[in-house]
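# Fold and contact review
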Amino acid sequence: MSTKIRRAVIPAAGIGSRLLPLTKATPKEMLPVGDKPVIEHTVRELVASGITDITIVVSGGKGLIQEHFRPNPTLVAQLRADGKAAYADGVEEVGELSRAGHITYLDQHGPYGNGTPVLNAARNLGDEPMLVLWPDDVFVAQVPRAQQLIRAYEATHCPVLALMPMDPADSSRYGVPVIKEDLGEGLLRIGGLVEKPKTEDAPSAYAAIGGYVVTPGIIAELQEQTKHWYEHRTGEVYLTDAINSYASTHAVYGQVIHGRWYDTGNPMAYLTAQFAAALADPEYGPHLRSLAESLGTPTPAG
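Below you will find a few notes about this structure. Please read all numbers here as calculations on a predicted model, not as lab measurements.

## Brief notes about the pairing of strand β12 (residues 252-256)
Within β12, five of the five residues are buried, leaving the element largely enclosed by the surrounding structure. Residues Val-252, Gly-254 and Val-256 line one face of β12 and the alternating positions Tyr-253 and Gln-255 line the opposite face, and both faces are buried. With four bridges connecting them, strand β8 (residues 160-165) and β12 associate as parallel partners. Opposite Val-160, over in β12, you have Tyr-253 as the bridge partner.

## Quick notes on the layout of surface pockets
Here the largest pocket defines a volume of roughly 1,400 Å³. For the largest pocket, the lining is made up of 38 residues, of which Arg-18, Lys-28, Asn-114, Trp-134 and Asp-136 are closest to its centre. Elements represented by at least two residues in the lining of the largest pocket include exactly β1 (7-12), β11 (206-214), α8 (239-247) and β13 (260-263). A total of four residues in the lining of the largest pocket trace back to one element, the largest contributor, which is β11.

## Observations regarding the pairing of β8
Among the six residues of β8, five are classified as buried, and the element is accordingly described as predominantly covered. Across five bridges, the pairing between β8 and β11 is antiparallel. Counterpart to Leu-161 in the pairing with β11 is Tyr-212.

## Thoughts on the packing of aromatic side chains
Going through the model one piece at a time under the given rule, you end up with four aromatic pairs. Centroid distance Trp-134 to Tyr-212: 6.1 Å. Interplanar angle 70 degrees. Geometry classified as edge-to-face. Of this pair, Trp-134 sits in the loop between β6 (130-133) and β7 (137-140) while Tyr-212 sits in strand β11; the two residues are 78 residues apart in sequence, bridging distant segments of the chain. Pair check on accessibility: Trp-134 and Tyr-212 agree, each one buried. Their ring planes at 25 degrees and their centres at 6.5 Å tell us that Phe-139 and Trp-261 sit as a pair that is stacked. Highlighted residues: Phe-139 in strand β7 and Trp-261 in strand β13, separated in sequence by 122 residues. We classify Phe-139 as buried; its relative accessible area is 13%. Through a chain of ring-to-ring contacts, the aromatic side chains of Phe-139, Tyr-174 and Trp-261 assemble into a single cluster.

## Things to note about the nonpolar core
One recurring pattern in soluble globular proteins: nonpolar side chains tend to sit buried together. Within the largest apolar cluster, 38 residues are counted, with the highest numbers of intra-cluster contacts made by Leu-46, Ile-56 and Leu-131. Ranked by residue count, the leading element in this core is helix α6 (residues 145-156), at five residues. By size, the runner-up hydrophobic cluster in this structure holds 30 residues, among which are Val-57, Leu-193, Val-237 and Tyr-246.

## Some remarks on the pattern of salt bridges
If you walk through the whole model with that rule in mind, you get 14 salt bridges. Measuring nitrogen to oxygen at the nearest pair gives 3.0 Å for the salt bridge that ties Arg-44 to Glu-93. Of this pair, Arg-44 sits in helix α1 (residues 38-48) while Glu-93 is found in helix α4 (residues 85-100), placing the two residues 49 residues apart along the sequence. Salt-bridge contacts for Arg-80 lead to Glu-92; the nearest nitrogen and oxygen are separated by 2.8 Å. In this pair, Arg-80 is assigned in helix α3 (residues 73-81) and Glu-92 in helix α4, connecting sequence segments 12 residues apart. Given a relative accessible area of 43%, Glu-92 falls into the partly exposed group.

Rules and cut-offs
- Residues numbered from 1 in each chain as written.
- Predicted model: local features only at pLDDT ≥ 70, side-chain atom pairs only at ≥ 80, totals over all residues.
- Heavy atoms only, no water.
- Buried < 20%, exposed > 50% of the residue type's maximum accessible area, 1.4 Å probe, protein only.
- Helix = DSSP H or I, 4+ residues; strand = E, 2+ residues; numbered from the N terminus.
- Pairing = 2+ DSSP bridges.
- 1 Å grid on protein atoms, 1.4 Å probe; cavity = no way out; pocket = protein on both sides within 12 Å on 5 of 7 lines; lining within 4 Å.
- Points joined across faces, edges and corners; volume = space filled by probe spheres on them.
- Phe/Tyr/Trp six-rings, centres within 6.5 Å; stacked < 30°, edge-to-face > 60°.
- Core = buried A, V, L, I, M, F, W, Y, C linked by side-chain atoms within 4.5 Å.
- Salt bridge = Lys/Arg side-chain N within 4 Å of Asp/Glu carboxyl O.

The structure is reproduced here in structure tokens:
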């Protein structure tokens, strides 16, 4: 099996139901976090980690994603002619991401479930591993999450899941890994995942948080799931089910990610990510902290 990870898939076909009506016309992947749409954070993370082949799996109504990353030399030239060099540089840089990451788009086809876009993107994968990152996660880390996953794969040559410590009371929100061995430096051998267990049933204090290195063995499991779905037309095709099945007879690892994770998939999480990004901005952060303090101070009666 190849040891070089050069490909990644970003599943972006969901309708963003938990954020409706905000996502009725605007893809959830295009909602801003700081001064960038959330999917751009993911693309930048991949490009910074050396990925040179990014497939974004989309569905109808996602044209804004393609428009965002598409180079626009006419707009750049107009901005430069108007003396707006900084804006021109920004637009040009976003277009350059498409070239650096060799972004391609693929319509999702197949059964419902998050395993389907991974299988769609795995055509002609051969013996290569592939990264899978969701487009509604933002990681703030000195070493990008994708790079941390790549390093774990290079050390094991096996599938890898991104993990983070969790409050046991939150176990019902996540897939929780079964830990078989702690290899140090955050690398854990796992025997599978328990989906959304009760606190008392959680097999560990870690949560799987939506970053994966998948191998041809995982793709084969997804193919079997999909074949079963077409035979029986029941259930859904999930990546975690494929990982669980594979882990029953093969080595699978988890890498505890160093950094801060922001989910944007529901209103509270999205507002939290926005607030954190705004406070971290060197220009806007001080003003917003001052505003938050003033809003928290009761107005004297007069």
